[in-house]
Amino acid sequence: MTTSRTPEIPLLTGTGPEPRYRPAMAWTVLLLLAVFMILNFADRISLALAAQPLMKELHLSASQFGLISSSFYFLYSLSAVGIGFLATRHVPLKWLLFVMSLLWAATQLPVFFFAGGGVLLATRIGLGAAEGPATAVANSTAYSWFPKHRRGLPTAILTSGASLAKIVAAPLLTLLIVHSGWRSAFFALGLAGLVWCAVWLFAGRTGPFAVTPEAPGKVDRAARRRTFLKVARSRTFIVLLLATYPMYALISVVFSWFPSYLEAGLGFSTLTSGVLFGLPSIIGMVFMLGSGWLTDRLLARGVSARIAHGLVPTLSLAAGGVLLAVLPLAGSARYLAYVILVAGYCLTLVAQPIVYAAIGTAAAPSQRTSVLSLFIALQSTSGIIAPWATGALIDGAGNQVDGYNTAFVVIGILCAIGGVFAAFFVDSGRDSAHDA
């Protein structure tokens, strides 16, 4: 007697016992992944922290520096999608993380020895290609250690890597830049990447909730395509992508231009700018960790995904966008401008980990890395435009503050519109590709 075959992809292949949650090992691996994400974002912000002395020494205009910053995203999306699909099929997540970190280190060291406009452009393109899959692969590795109802907080911790990089790494890198020259920051990050590779080689692994690869003859490729396309074509996927597209543009601008905005736009010293660059991340990290905890609690108490994964991030995104849009009202009050920008930025960041959790949970487990990779790849294409466009606005404005303000206002308005629009349509529970 035969039974009909379901198109859904199970959490684990085989008929073994249910996977057991192992907290000690799960949080150990999560800690290593958090350091991985800190290095990921520290590599990105190194260029922004060195912007002013670098531009002066290499005689770069704001538009040229913006183009170098945007070049990070030239291959970022293609790499994110390609490696995401590779991870879904054959290559263990442990080795993907190891190779990515090794490549990050390899792109930092040439800047120390052979700095120039061409070298910066080439290494940023290479760094973007190596970092493209980082968020999706790190989250998928973390999900392999945590059951479904415990993934909100780990996702928020990994997403907080950007905040931790600015809290911990930015002041240290700024001190290096001030006392040892801007090249020293790139050398230090290269060494840090090599150290992480060595630790991960011995301690890194995937957990009991990982999908066991199936034998080639047993893979129902048609079912895989159906489950993948169901999420990728879902209203939740499309609406959240449109809503968070300007949010990622804001992140790319902050990572490229915020220290320069503080220094050249608002008149703070280099060292003060490095410290102020990190301070907002404390607020942002608290917001993101709090939102991850809140959504986990809401889901555990039976609150619908429509509220936990829908209204919480989209309304926060809209509120942050409104604050960014009123930034010019601060006028010449630089501390007020700083507070408004930080508050708006942090509110938009709340949406990021919840959105990733919503997309990752909606996907079938065997398709999670590829679905997340596609989402992040499409989302991050805004980074190809935003840093360069900001540089062009700065060069074309009467003064630098006006150029920066125009960029933040445009992004803020788009975030507010996207957040309000998405609040009406997002429902990750309805658009899920599986029931597990």
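Novice: Explain the packing of helix H1 (residues 23-49) against helix H10 (residues 183-203) here, please?
Specialist: Think of two packed helices as two axes; the pair is described by the angle between the axes and how far apart they sit. Remark: H1 packs on H10, axes separated minimally by 10 Å, with the N-to-C direction vectors making an angle of 160°. When the axes of H1 and H10 are compared, the pair comes out roughly antiparallel. For the crossing formed where H1 meets H10, the hand is left-handed. Listed contacts from H10 to Met25, Val29, Leu32, Leu33, Val35, Phe36, Leu39, Ala42, Asp43, Ser46 and Leu47 of H1 are Phe186, Leu189, Ala192, Gly193, Trp196, Val199, Trp200 and Ala203.

Novice: Sorry if this is basic, but what is going on with helix H19 (residues 400-423) here?
Specialist: Taking 1.5 Å of rise per residue, 24 residues should cover 34 Å, and H19 covers 35 Å from first to last C-alpha, within 8% of that figure. One side-chain oxygen at the N-terminal end of H19 lies 3.2 Å from the backbone nitrogen of Val401; it belongs to Asn399.

Novice: Please explain the nonpolar core as it appears in this structure.
Specialist: In a soluble, globular protein the nonpolar side chains are often hidden away together inside. Phe36 and Tyr261 are the most contacted members of the largest nonpolar core, which totals 116 residues. Leave out the neighbours within four places in its chain, and Tyr261 touches Leu266, Leu327, Ala337, Leu341, Tyr404, Asn405 and Phe408.

Novice: Hey, could you run me through the packing of helix H18 (residues 382-396) against H19 in this one?
Specialist: With their axes 7 Å apart at the nearest point, H18 and H19 run at an angle of 145° to one another. Taken as a pair, H18 and H19 cross one another with a handedness that is right-handed. Between H18, through Thr390, Leu393 and Ile394, and H19, the contact on the second element is made entirely by Gln400, Gly403, Tyr404, Thr406 and Ala407.

Novice: So what exactly am I meant to see when it comes to a nonpolar patch on the surface here?
Specialist: Residues Leu67, Phe74, Leu75, Leu78, Leu121, Tyr245, Ile384, Ile385 and Trp388 make up a contiguous nonpolar surface patch of about 780 Å² in total accessible area. Mapped onto the secondary structure, Leu75 falls in the loop between helix H3 (62-71) and helix H4 (76-89).

Novice: Help me understand the environment of Leu374 in this model?
Specialist: Assignment of secondary structure puts Leu374 in helix H17 (residues 368-380). In the structure, Leu374 is positioned 238 residues away from Ala136 in sequence and 9.0 Å away in space, judged by C-alpha atoms. Residue contacts for Leu374: discarding those within four places in its chain leaves Val81, Phe228, Ala232 and Phe237.

Novice: Looking at this structure, I do not really get the packing of aromatic side chains. What am I missing?
Specialist: Two numbers describe a pair of aromatic rings. These are the distance of the centres and the angle of the planes. Using the criterion set out here, one finds 23 aromatic pairs in the structure. With a centroid separation of 5.0 Å and an interplanar angle of 45°, the aromatic rings of Phe36 and Trp196 are classed as tilted. Of this pair, Phe36 sits in helix H1 while Trp196 is found in helix H10, placing the two residues 160 residues apart along the sequence. The same class applies to Phe36 as to Trp196, namely buried. Note on Trp196: relative accessible area 4%, which makes it buried. Grouping aromatic residues by their ring pairs yields a cluster made of Phe65, Trp257, Phe258, Tyr261, Phe277, Tyr338, Tyr404 and Phe408. If you follow Lys94 out to its NZ or CZ, it ends over the ring of Trp95, 5.4 Å from the centre. A cation over an aromatic ring shows up here: Arg334 above the ring of Phe268, its NZ or CZ 4.2 Å from the ring centre.

Novice: Please explain the pattern of salt bridges as it appears in this structure.
Specialist: Where charged atoms from two side chains of opposite charge come close, those side chains can pair. Inspection of every chain in the model, using the stated rule, returns two salt bridges. The closest approach of N and O atoms between Glu131 and Arg44, which form a salt bridge, is 3.1 Å. Here Glu131 is found in helix H6 (residues 117-131), whereas its partner Arg44 is found in helix H1, with 87 residues between them in sequence. Accessibility assignment for this pair places Glu131 and Arg44 in one class, buried. For Glu57, the salt bridge goes to Arg183, with nearest N and O atoms at 2.7 Å. Here Glu57, found in helix H2 (residues 51-58), pairs with Arg183, found in helix H10; they are 126 residues apart in sequence, far enough to count as distant. Judged by its relative accessible area of 26%, Arg183 is partly exposed.

About the thresholds
Residues numbered from 1 in each chain as written. Predicted model: local features only at pLDDT ≥ 70, side-chain atom pairs only at ≥ 80, totals over all residues. Heavy atoms only, no water. Axes fitted to C-alpha atoms, helices over the stretch in contact; angles between N-to-C directions. Helix = DSSP H or I, 4+ residues; strand = E, 2+ residues; numbered from the N terminus. Parallel < 35°, antiparallel > 145°, perpendicular 65-115°, else oblique. Left-handed = near helix turned anticlockwise from the far one by under 90°. Contact = heavy atoms within 4.5 Å. Expected span 1.5 Å × (residues − 1). Polar contact = N/O pair within 3.5 Å; in protein donor to acceptor, adjacent residues only side chain to side chain. Core = buried A, V, L, I, M, F, W, Y, C linked by side-chain atoms within 4.5 Å. Buried < 20%, exposed > 50% of the residue type's maximum accessible area, 1.4 Å probe, protein only. Patch = residues over 30% accessible without salt bridge, like charges linked within 9 Å, V, L, I, M, F, W, Y side chains within 5 Å. Areas by Shrake-Rupley, 256 points an atom, 1.4 Å probe, with all protein chains shown as cover. Salt bridge = Lys/Arg side-chain N within 4 Å of Asp/Glu carboxyl O. Phe/Tyr/Trp six-rings, centres within 6.5 Å; stacked < 30°, edge-to-face > 60°. Lys NZ or Arg CZ within 6 Å of the ring centre and 35° of its normal.

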